[in-house]
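# Chains, contacts and geometry: an overview
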Amino acid sequence: MRALFFGPPGSGKGTQAARLSARRTLPHVSSGDLLRAAARSGSAIGLRAKGFMDRGELVPDALVLELLFDRLAAADCGAGFLLDGFPRTEAQAGALEGRLGRGERAALDRALRFLLADEAVLERMSGRRSCKGCGTPFHVSFRPPKVEGRCDRCGGELLRRPDDAPEVVRERLAVHRRDEAGLVEFYRRRSVLREVEASGSVEEVAGRVELLLEGA
Ligand code: AP5
């Protein structure tokens with residue numbers, strides 16, 4: 001399966017992608033995680049990207065595409081993948097299609113759009129704590145870790161992401177609302193667009209996601 005998740009920041013894309021990736025043994029390829037890892041490594045791309053991320057702006061395509069396409073070239077992506085947070089614009093969607101090709105089978109099986117109101121986004125983002133090591137997201141009320149301040153998966157320290165500050169979240173939401181229509185139209189035209197209501201518990205949303213990916 002080749003699928004992608006897009007939607008507002010904090011709508012639960014990463015949570016659902018991680019869950020599905022474990023269930024279907026599919027690589028979870030998150031552009032945000034790739035960019036944060038590059039920034040932590042101190043690489044030239046990472047250092048350039050960090051300023052954009054801290055302000056809530058999109059990182060320029062030249063940097064994102066290089067990281068993303070390198071990752072998709074890895075052997076484990078050969079049989080399929082789950083993209084999370086990429087593409088974010090019509091231009092990125094076109095670049096991805098150019099990379100994957102558009103032959104007999106569509107380049108992608110599904111593009112799943114997460115729908116969540118801004119108030120719910122702000123509530124989820126204000127309580128999010130992310131693992132410094134593996135990036136797994138938790139929430140102080142909705143998904144608390146078993147041991148306070150520690151990741152259930154790898155034991156890493158849980159921190160608030162710098163771009164989860166309220167003023168940065170507002171900018172990220174505005175960027176998303178500006179670009180989403182182009183992406184929706186792009187995938188609607190290719191008949192792979194599906195929309196998932198992202199409110200409700202993690203399990204409720206997971207059930208809807210599974211249904212929408214059936215047959216993919
Ligand atoms: P990125 O890391 O991709 O951030 P995002 O898309 O804004 O999404 P988030 O990771 O913030 O949220 P999510 O939807 O994954 O929600 P989560 O599952 O964590 O990008 C960060 C930055 O990198 C961008 O701003 C940009 O600068 C740059 N970037 C990335 N990709 C790029 C690209 N393609 N082009 C250019 N720049 C790019 O859940 C959120 C919280 O809610 C958590 O606390 C979670 O526990 C909780 N939660 C999840 N589901 C539920 C539920 N059902 N009920 C209650 N709580 C829930």
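Residues numbered from 1 in each chain as written. Predicted model: local features only at pLDDT ≥ 70, side-chain atom pairs only at ≥ 80, totals over all residues. Heavy atoms only, no water.

## Some words on the sheet that holds strand β5 (residues 128–131)
Ordered by their spatial adjacency, three strands build an open sheet running β6-β5-β7, and the pairing between neighbours is antiparallel. Lying at the two open borders of the sheet, with one neighbouring strand each, are β6 (137–139) and β7 (158–159). Its contacts with the sheet put helix α6 (residues 118–126) on β5 and β6, and the angle it makes with β5 is roughly 50°. (Pairing = 2+ DSSP bridges. Helix = DSSP H or I, 4+ residues; strand = E, 2+ residues; numbered from the N terminus. Contact = heavy atoms within 4.5 Å. Axes fitted to C-alpha atoms, helices over the stretch in contact; angles between N-to-C directions.)

## Some thoughts on the packing of aromatic side chains
Tallied over the full model, the rule gives three aromatic pairs. A ring pair is formed by phenylalanine 186 and tyrosine 187, whose centres lie 5.0 Å apart and whose planes are at 75°; its orientation type is edge-to-face. Sitting over the ring of phenylalanine 52, arginine 55 keeps its end group 5.2 Å from the ring centre. We note arginine 190 situated over the ring of phenylalanine 186; from NZ or CZ to the ring centre the distance is 3.7 Å. (Phe/Tyr/Trp six-rings, centres within 6.5 Å; stacked < 30°, edge-to-face > 60°. Lys NZ or Arg CZ within 6 Å of the ring centre and 35° of its normal.)

## Concerning helix α8 (residues 202–213)
It helps to recall that an α-helix has 3.6 residues per turn; residues three or four apart then point in one direction. Taking 1.5 Å per residue, twelve residues should reach 16 Å; α8 reaches 16 Å between its end C-alpha atoms and fits that length. As for α8, its buried residues are in contact with β1 (2–6), α1 (13–24), β4 (110–115) and β8 (193–197). (Expected span 1.5 Å × (residues − 1).)

## Remarks on the pattern of salt bridges
Tallied over the full model, the rule gives 19 salt bridges. Of the charged contacts, one joins arginine 55 and glutamate 57 as a salt bridge, the two residues approaching to 3.1 Å between their closest N and O atoms. Among the residues examined, arginine 55 registers a relative accessible area of 44% and is labelled partly exposed. For glutamate 57, a relative accessible area of 32% corresponds to the partly exposed category. Notably, a salt bridge pairs arginine 113 with glutamate 180, separated by 3.2 Å at the nearest N-O pair. On the criterion of sequence distance, the pair formed by arginine 113 in strand β4 and glutamate 180 in helix α7 (residues 166–189) is long-range, its members being 67 residues apart. Overall, arginine 113 belongs to the buried group, its relative accessible area being 17%. Among the residues examined, glutamate 180 registers a relative accessible area of 13% and is labelled buried. Connected via shared salt-bridge partners are Arg113, Asp118, Arg177, Glu180 and Glu195. (Salt bridge = Lys/Arg side-chain N within 4 Å of Asp/Glu carboxyl O. Buried < 20%, exposed > 50% of the residue type's maximum accessible area, 1.4 Å probe, protein only.)

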